[in-house]
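# A structural walkthrough
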Amino acid sequence: MSRNNERNIKKHNDKLHKAQDKVKQAEILRKEKLKQITKKFNEDKALEK
């Protein structure tokens, strides 16, 4: 019996895709937070003038 059977390959791919999705989601969250910070900074600058 080989180690590379369908079940093990599927289990590995599921784990891999879950990790990749987690990284992708974290990147999206960082970008959204950065947009919010930039927007607030620009509003504060506008109020100072």
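As a reminder, the structure under discussion sits directly above these lines.
Report follows, based on the coordinates. (Residues numbered from 1 in each chain as written. Predicted model: local features only at pLDDT ≥ 70, side-chain atom pairs only at ≥ 80, totals over all residues. Heavy atoms only, no water.)

### So, the overall build of the protein chain
Within the protein chain, the secondary structure is distributed over one helix and zero strands. Principal-axis analysis of the C-alpha atoms places the extent of the protein chain at approximately 75 × 10 × 5 Å. Looking at the 49 residues of the protein chain, the share that counts as buried comes to 0%. In the form shown here, the protein chain has an accessible surface area of approximately 5400 Å², with 56% of it arising from carbon and sulfur atoms. Counting 16 positive and 8 negative side-chain charges, the protein chain places the averaged centre of each group 6 Å from the other. (Helix = DSSP H or I, 4+ residues; strand = E, 2+ residues; numbered from the N terminus. Buried < 20%, exposed > 50% of the residue type's maximum accessible area, 1.4 Å probe, protein only. Areas by Shrake-Rupley, 256 points an atom, 1.4 Å probe, with all protein chains shown as cover. Lys, Arg positive; Asp, Glu negative; His and termini not counted. Charge placed at Lys NZ, Arg CZ, Asp CG, Glu CD.)

### Focus on the pattern of salt bridges
Overall, the coordinates contain two salt bridges when judged by the stated rule. Where Lys 10 meets Asp 14, a salt bridge forms, and the shortest distance between an N and an O atom there is 2.9 Å. Of this pair, Lys 10 and Asp 14 are both found in helix H1 (residues 6–48), four residues apart, which corresponds to roughly one turn of the helix. For Lys 10, a relative accessible area of 51% puts it in the exposed group. Residue Lys 31 pairs with Glu 27 through a salt bridge whose shortest N-O separation is 3.8 Å. Linking Lys 31 with Glu 27, this pair stays in helix H1, spanning four residues, or about one helical turn. What makes Glu 27 partly exposed here is its relative accessible area of 38%. (Salt bridge = Lys/Arg side-chain N within 4 Å of Asp/Glu carboxyl O.)

### Overview of the environment of Lys 40
Along the chain, the position of Lys 40 falls in helix H1. Judged by its relative accessible area of 51%, Lys 40 is exposed.

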